[in-house]
Amino acid sequence: MAASQLFAPYRALGFVSSHVPAVLHSAGADSFITTAIGRTFHYYNCAKLNLTFVGIPQFEPISCLASQGMLLFTASGLDIKLWKRAKEIRVFRGHRKNIHSLLPFGEHLISVDDDNEVKIWNSKSTELYSEMEFDASNFRITTVMHSSTYLNKILFGSGQGSMQLWNVKTNQLIYSFEGWASSVLVIAQAPAVDVVAVGLQNGNVVVHNLKFDATLMKFQQDWGPVTQISFRTDHIPVMASAGTAGHVALWDLEKKRLLSTMYDCHDGSVSSLHFLPSQPLLVSTGQDNSINVWIFDMSDGGGRLLRSRKGHSAPPIGCQFYGSSGQLILTTGLDRAFRVTCTVKDEFNTELSQGSVIKKAKLKGVKAEELKLSPITAFSAEEARERDWDNVATCHRGSRVVRTWNYQNKCIGKHKLDARSVPATAKAECVVVSHCGNFVLIGYSSGHVETFNIQSGLPRGSFGSSKAHDGPVRGVAINAVDRDVITGSADRTVKFWEFRSKRLTETLAMGAPVSRMLFHIESSMLAVALDDFRVHVIDSDIRRTIRTFSGHENEILDMTFSPDSRWLITSSMDSSVRTWDLPSARLIDYFIVESPATGISLSPTGDFLATIHADDLGIYLWSNKTLYSQVSLRPLPVDYQPRVVDLPTTTSDDNQSAGLGESVAHAADVKDEVDADDDEESDAEQLADYLVTLSRLPNSRWKNLVHLDTIKERNKPKEPPKAPEAAPFFLPTVPGLGFKFATEDKDKAEDLKQDQSKLIRMAKLRPKSDFQQCLETCSSRGTFDSLIEMLIAMGSSAIAVELHCLGPDGGGSRDQLMQMMDFFAEQLETGKNFEMLQSILHVFLKVHGDSIASDEQLSGRAEELLRIHKETWTRVQDLLNRSSCLVNYFKSATLS
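Quick summary incoming for the structure in this document. (Residues numbered from 1 in each chain as written. Predicted model: local features only at pLDDT ≥ 70, side-chain atom pairs only at ≥ 80, totals over all residues. Heavy atoms only, no water.)

**Quick word on the overall build of the protein chain**
Okay, so step 1: In terms of regular secondary structure, the protein chain is built from 12 helices and 56 strands.
Okay, so step 2: Out of the 896 residues belonging to the protein chain, those deemed buried represent 49%.
Okay, so step 3: Contacts in the protein chain between residues at least 24 apart in sequence constitute 47% of all its contacts with a sequence separation of at least 6.
Okay, so step 4: For the protein chain, the exposed area adds up to about 44,400 Å²; of that, 50% sits on carbon and sulfur atoms. (Helix = DSSP H or I, 4+ residues; strand = E, 2+ residues; numbered from the N terminus. Buried < 20%, exposed > 50% of the residue type's maximum accessible area, 1.4 Å probe, protein only. Contact = heavy atoms within 4.5 Å. Areas by Shrake-Rupley, 256 points an atom, 1.4 Å probe, with all protein chains shown as cover.)

Written out as structure tokens, the structure is:
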């Protein structure tokens, strides 16, 4: 059994939040929120909701989260892990059942599992400090919290409705609260000391004083259980509560009444609710795969949506790459949304607007989703005219009306394409936008095929005398020059038509009803999937079936061509994804996924395969191995047994976090310093002896060394400051009739002073520098590793000074020049630090070239060094020429 030989899991897109409550982190003035996504977690910056970090995937789904400052605790299966900036620090093991609650408590961590067992850990040493067991029939723990100023005391809430206050240091029960005969779902600390808010299963919110065991106020939430509670901390007495219906209620604690209600904040249960510290901002997450930030600046005290990050709240049912860059994916889902997902930056993800749906929903008192168009079953997009008019057309479930969309404006278009000649009971089954971007062709369940002008929305004719087919039309295509139209139907035929005259030119009989069609416009290849689970490939130019592929054991769900039309990739209800090689007519890749791939699309650049799956909210990217490694394209044997391949995770590398560059830097500024060894990189290895490795130094280091004289000349001040000349006390005069001071020739005085001086020049007695000592030591050992490390650590000016001091004129010796040339020869042969050695050698020869040329032995060594340098450069030039040739070939050659 083997995995896919062509595609490797790369990354999952479209995930934002889940049913697991998110946790809030604060670092100075910045706040971050962490959401659990299956087996991993996401860090978001609350200021812009940009993705900061992605955690390393765990073996099991994450069941709960907890935070302490910028530290994060996650429970996955039986293990608890501590994270710092998405790096795993410690692991706590000892539970026998899955963990459902975590609470950091000073230097301790409290965890509760499904067996109603409580464990208290030392969060620094991971040692088990204490443990407690509760009888689930009398007190089944549902939530746990620590009340401010209560030293060593923890409050537990139960499914029976009662609460207990325990001293975790002595393992003693301090006090039992009778409760309210309804399951306690959440307990939140109020800004006031001794006061907590308790959310109950029956919808009540109780504000309770723990010190006196007295209920201060009680509110009734009308839409079911209370799942989350949060208090404003900007000196405004407001409490927010949320439930399973997706609404958020705001309560005025001074007047003890309902202040405002925010309806449909989420489509489904609200999983977390957090007011940002000292700000009128509320962050909410829900099971609908979204994070919303609400700001409270309205006159009635209510909040409005400030920013949000969303994905599909129901499984997507269609996906297709848009444009030629291969970075944008259009997806449709059962949540009635039409979304754009970017493979590079999550900030570019957005939903195409369907108009003022939210305003209309508020006026009618219904959910916004109910006013959206029905789910999109088929769509087609063409970027040729995206700046001029609508360029996307969509078919909707149960409707014969096709809607147009404007991708440039990210909104629904002007036209509703409705053919009057089509029966009212007919439904639009398939649609295609012409390559020129002017026409839309629609196939209906009644067998009709209609043409519309997408700019004006007016009909432009029908195919066939009464209708094009006797059965539902399952596919429609048009070639690049708008000459031929191809239609496929459940009546077991594929028909070719002239676009302008609407005349039938040829009919091909299929052995089974057509289920779907795919047309590759560049090669004119047509893939036709049949209900007998076979795929026919038709050359539309000669109008003949040239390939037939069989092997799927269930309905074929989607197909996609490679950009060069050499591969056809198909997905089926049998959970398999198969790649067929058209030139050899053989199966070259075959793997199985856990859930059937309902949609697949290969990027126009061929680097990624995008898949969507049944009962899954994500969009999964698979990298094409043939672009970066050698892959054998041999046909698979008949008895080949595929393996189930795990779907990609939200991080592109399981061994490191996948943060965005600017967000990672921002998070590093607001966090305490990380250990120095966290940021150290492993030394680069020489991949092969014939390759050349560059140093990891900035370009300025070796460029400045070559032009150091120019830089110093440019930075030198034009007029250096002059010290005033000291005048003697008695000014000498020249003998004569006129009064004239005697002046001394400064140059002659200086020469006389030098001749009469008995001082010894210190350059002759200067001790050897560390660099010179290291050079002589390395030369005697026969290896210069420590010298190259010293040069890498030195700056450009320091290197220049040391090179000037090597020769006899600079206080060095002739032997040091010979040793330095030995160093260059050895390092050039290794091929490491190539560009840095070139700059140092340039300065060395510039300074000591005359001394080397005047010495016969040094000249001979220099000729040997020249030979080694030429061999090294010839090798580098050959590698560059090969790479340049391959790049030019791939850019200009037409592969067939």
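Continuing now.
**Comments concerning the packing of aromatic side chains**
Okay, so step 1: Under the criterion given, the structure shown has 26 aromatic pairs.
Okay, so step 2: Judged by centre distance (6.2 Å) and plane angle (45°), the rings of Tyr590 and Tyr640 are tilted. Of this pair, Tyr590 sits in strand 53 (residues 586-592) while Tyr640 is found in the loop between strand 56 (619-624) and helix 3 (661-670), placing the two residues 50 residues apart along the sequence.
Okay, so step 3: An aromatic cluster of three or more residues is present, and its members are Phe41, Tyr43, Phe53 and Trp83.
Okay, so step 4: Positioned over the ring face of Phe499 is Lys502, at 4.9 Å from the centre of the ring.
Okay, so step 5: Across the ring face of Tyr590, the terminal group of Arg578 is positioned such that the distance to the ring centre comes to 4.0 Å. (Phe/Tyr/Trp six-rings, centres within 6.5 Å; stacked < 30°, edge-to-face > 60°. Lys NZ or Arg CZ within 6 Å of the ring centre and 35° of its normal.)

**Section: the pairing of strand 2 (residues 23-27)**
Okay, so step 1: Within strand 2, four of the five residues are buried, which leaves it mostly tucked inside the rest of the structure.
Okay, so step 2: Relative to strand 3 (residues 30-37), strand 2 runs antiparallel, the two being bridged by five bridges. If you follow Val23 over to strand 3, its bridge partner there is Thr34. (Pairing = 2+ DSSP bridges.)

**Focus: the sheet that holds strand 30 (residues 316-322)**
Okay, so step 1: Reading across from one edge, 30-31-32-33 is the order of the four strands in this open sheet, with antiparallel pairing throughout. Each edge of the open sheet is held by one strand with a lone partner, namely strand 30 and strand 33 (350-351).
Okay, so step 2: As paired elements, strand 32 (residues 338-342) and strand 33 share two bridges and run antiparallel to each other. Note on strand 33: the bridge partner recorded for Val340 is Thr350.

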